[in-house]
Amino acid sequence: MLLPSLKSVRSFVLVAVWFASAHVLLAQPPEPDSLRLPAIEGARPRNVIFILVDDLRYDALGCMGHPFLKTPHIDSLASGGVNFRNAFVTTSLCSPSRASILTGQYMHRHRVVDNNAVDLGNTVFFPQYLQKIGYETAFLGKWHMGGDSDSPRPGFDHWVSFRGQGNYIAPNDRWMLNVNGKPVPQKGYITDELTDYAVDWLKQRTDEKPFFLYLSHKAVHAEFKPAERHANLYQDVEIAEPATQADTEENNRGKPMWVQNQRNSWHGVEYPYHSTLDIKEYYRQYCRTLMAVDDGVGRLMELLRERGWEKDTVVMFMGDNGFLFGEHGLIDKRNAYEESMRVPLLAHCPAILPAGSEVKGVVANIDIGPTVLELAGLGTPETMQGRSFRGLATGKLEPEKWRDSLLYEYYWEWNFPHTPTTFALRGDRYKLIVYHGVWDTDELYDLEEDPREQRNLIHSQDHQPIVRKMRDALYQRLKATGGMQVPFSPKNGPGANLRSAEGSDAAEFPAEVIRP
């Protein structure tokens, strides 16, 4: 059975949408002096193209070892540039992650805490700094911060967007894109059309001014719909069930109760989207839908070569968050497991980036803004909590001088109540996951020995020193960055809280906490 219409999702959030629409405050232009950043002496401003793909998990590319996906154009960014093999988002949810990209801040700082009510206040987006020094800037695609508005936002000279999640194909003649504040009909398949807009805008650029292009695809967000030319791809491929999906004693051992309970929910394999959705076919459609993105990357790179810009233009490619397709019995994102928080990140610029290189340091979405600013010859604003990874990518920064762990956070949402408030510290080897406001067990994983996160070590006596050290570091990081509170939006309904009578029963408390 195909995925049911997302109208059923919207039924849970209608009230939240009007709340968001009524309370969204678009960023007001800051005072001119506040956009002045120190210039890096001798730096040459680079042209930058940043391509963001929705819900793209880290391993859904050929260059990441996928068993059947063919993504030659995206893979060429890695073979001709840098593959950041440990790239993450600090919150695995569309709006918070996108806000972190544009602000360089954790969710608890920028306060875009969910996909419902968004108050951007006087938020400054990093492209505003680029405009200040003469960059030409463009945003094309999914914005998804600010209720149902598609109005142009600060920081961009050229704007093409749509309301909410948008549509792969226009549902009717009344569906419009917002092109620089004016309604323009969507003409075709949205991935191709956004690439068309990108190509057209780039063709109008000259060598007189540097440019920054932010291409933000709707793909590959559900409901997955491939381009017609890709509709039958991978038809004969046998898709394997994730090793952690089965409801077995081995897979459930040590897992929090909320994870086991979520199996039988909107975001679980037993009752996905309250339907009988076939997860394997769902994933097949996801893979097909990605193919048009790969085609688009090819078109952009071809244009850069034609214009003589490929060598000196930085092209960055990233996912806004990951996505689970049955791992741990779950679907969707939000949680702190690798398939949720880990994303692909590639960077290509032959003039400064060594071809075929890999970076193993932990980098994140909060690092995009500082990195683009450094590529433009600017320092990092004090308001940003990320760091530029240009030095890592070029090999000029020793890995020992980079971060040794990354903070992750997610706040419980009333409309999808299955996932609790989550804090995590993801290091090079260990990951600690701590839950807030729920009576359950925390988690510790040795990612070197247990990359699938199957053996929870939180109760292991041998690992208690690591637990204590990481827990202290987690809360020190939260305290130092102003994250010791949990903001939330109003609860306006029961949310997607149904369970199937034919699904698994509620989980029992783990044996480690039971006493005679």
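Scoring rules and cut-offs
Residues numbered from 1 in each chain as written. Predicted model: local features only at pLDDT ≥ 70, side-chain atom pairs only at ≥ 80, totals over all residues. Heavy atoms only, no water. Helix = DSSP H or I, 4+ residues; strand = E, 2+ residues; numbered from the N terminus. Rg over C-alpha atoms; globule rule 2.2 N^0.38 Å. Buried < 20%, exposed > 50% of the residue type's maximum accessible area, 1.4 Å probe, protein only. Contact = heavy atoms within 4.5 Å. Areas by Shrake-Rupley, 256 points an atom, 1.4 Å probe, with all protein chains shown as cover. Lys, Arg positive; Asp, Glu negative; His and termini not counted. Charge placed at Lys NZ, Arg CZ, Asp CG, Glu CD. Pairing = 2+ DSSP bridges. Phe/Tyr/Trp six-rings, centres within 6.5 Å; stacked < 30°, edge-to-face > 60°. Salt bridge = Lys/Arg side-chain N within 4 Å of Asp/Glu carboxyl O. Axes fitted to C-alpha atoms, helices over the stretch in contact; angles between N-to-C directions. Core = buried A, V, L, I, M, F, W, Y, C linked by side-chain atoms within 4.5 Å. Patch = residues over 30% accessible without salt bridge, like charges linked within 9 Å, V, L, I, M, F, W, Y side chains within 5 Å.

Caption draft 1: Highlighting the overall build of the protein. When its secondary structure is counted, the protein shows 13 helices and 19 strands. Taking 516 residues into account, the globule formula puts the C-alpha radius of gyration at 24 Å, and the protein, at 22 Å, falls close to it. Within the protein, buried positions represent 62% of all 516 residues. Considering only contacts in the protein between residues 6 or more positions apart, those separated by 24 or more positions represent 71%. About 21,200 Å² of surface is accessible on the protein, with carbon and sulfur atoms providing 50% of the total. Measuring between centres, the 56 positive side-chain charges of the protein sit 3 Å from its 66 negative side-chain charges.

Caption draft 2: Local environment of the sheet that holds strand β15 (residues 363–364). Read from one edge of the open sheet, three strands run β12-β3-β15, paired in mixed fashion. Each edge of the sheet is formed by a strand with only one pairing partner; in this case those strands are β12 (342–343) and β15. Relative to β12, strand β3 (residues 87–88) runs antiparallel, the two being bridged by two bridges. Directly across from Phe-88, in β12, lies its bridge partner Arg-342.

Caption draft 3: Quick peek at the environment of Pro-487. Mapped onto the secondary structure, Pro-487 falls in the segment after α13 (464–480). The residues touching Pro-487, leaving out its near neighbours within four places in the chain, are Arg-111, Val-113 and Tyr-411.

Caption draft 4: Highlighting the environment of Val-82. The topology assignment puts Val-82 in strand β2 (residues 82–84). Taking the C-alpha atoms as reference points, Val-82 and Ile-101, separated by 19 residues in sequence, lie 19 Å from one another. Residue contacts for Val-82: discarding those within four places in its chain leaves Leu-77, Leu-345, Leu-346, Ala-347, Leu-353, Pro-354, Ser-357, Val-359 and Ala-393.

Caption draft 5: Inspection of the packing of aromatic side chains at higher detail. In the structure shown here, the tally under the stated rule is 34 aromatic pairs. With a centroid separation of 5.4 Å and an interplanar angle of 80°, the aromatic rings of Phe-125 and Trp-143 are classed as edge-to-face. One end of the pair, Phe-125, is in the loop between α4 (107–110) and α5 (126–132); the other, Trp-143, is in the loop between β4 (136–141) and β5 (158–161), with 18 residues separating them in the sequence. A residue is classified by how much of its surface remains accessible, and Phe-125, at 1% relative accessible area, is buried.

Caption draft 6: Representation of the pattern of salt bridges within the structure. Across all of its chains, the model carries 27 salt bridges by this definition. A salt bridge links Arg-334 to Glu-413, with the nearest nitrogen and oxygen atoms 2.4 Å apart. Taken as a pair, Arg-334 in the loop between β11 (331–332) and α10 (338–341) and Glu-413 in the loop between β16 (405–410) and β17 (421–427) lie far apart in primary sequence, 79 residues in all. Pair check on accessibility: Arg-334 and Glu-413 agree, each one buried. For the salt bridge of Arg-342 with Glu-338, the shortest nitrogen-to-oxygen distance reads 3.9 Å. Taking the relative accessible area as the measure of exposure, Glu-338 reaches 3% and is therefore buried. Residues joined in a network through salt bridges with shared partners are Glu-338, Arg-342, Arg-426, Lys-431 and Glu-453.

Caption draft 7: Local environment of the sheet that holds β17. Read from one edge to the other, the open sheet built from four strands follows the order β16-β17-β18-β19, with strand pairing classed as antiparallel. The open sheet has two edge strands with one neighbour each: β16 and β19 (443–446). Going from strand to strand, the sheet's axes swing by 15° on average, the running direction of each strand aside.

Caption draft 8: Structural context of helix α11 (residues 368–375). Burial of α11 is extensive: seven of the eight residues sit out of reach of the surface. All of the buried residues along α11 are Ile-368, Gly-369, Pro-370, Thr-371, Val-372, Leu-373 and Leu-375. Looking one or two residues beyond α11, the residue adopting positive phi is Gly-377, at roughly 90°.

Caption draft 9: Main features of the nonpolar core. Of all hydrophobic cores here, the largest spans 66 residues; its most connected members are Ile-51, Leu-56, Tyr-286, Leu-290 and Phe-317. Put simply, the parts of the chain that give this core at least two residues each are β1 (48–53), α2 (72–79), β4, β6 (176–179), α6 (190–203), β8 (211–216), α9 (279–307) and β9 (314–319). If one sorts the elements of this core by residue count, α9 sits on top with 14 residues.

Caption draft 10: Structural view of a nonpolar patch on the surface. On the surface, a cluster of nonpolar side chains totalling about 450 Å² of accessible area is made up of Trp-439, Phe-509, Val-513 and Ile-514. For Ile-514, the position within the fold is in the segment after α13. Residue Ile-514 is classed as partly exposed on the basis of its relative accessible area of 49%.

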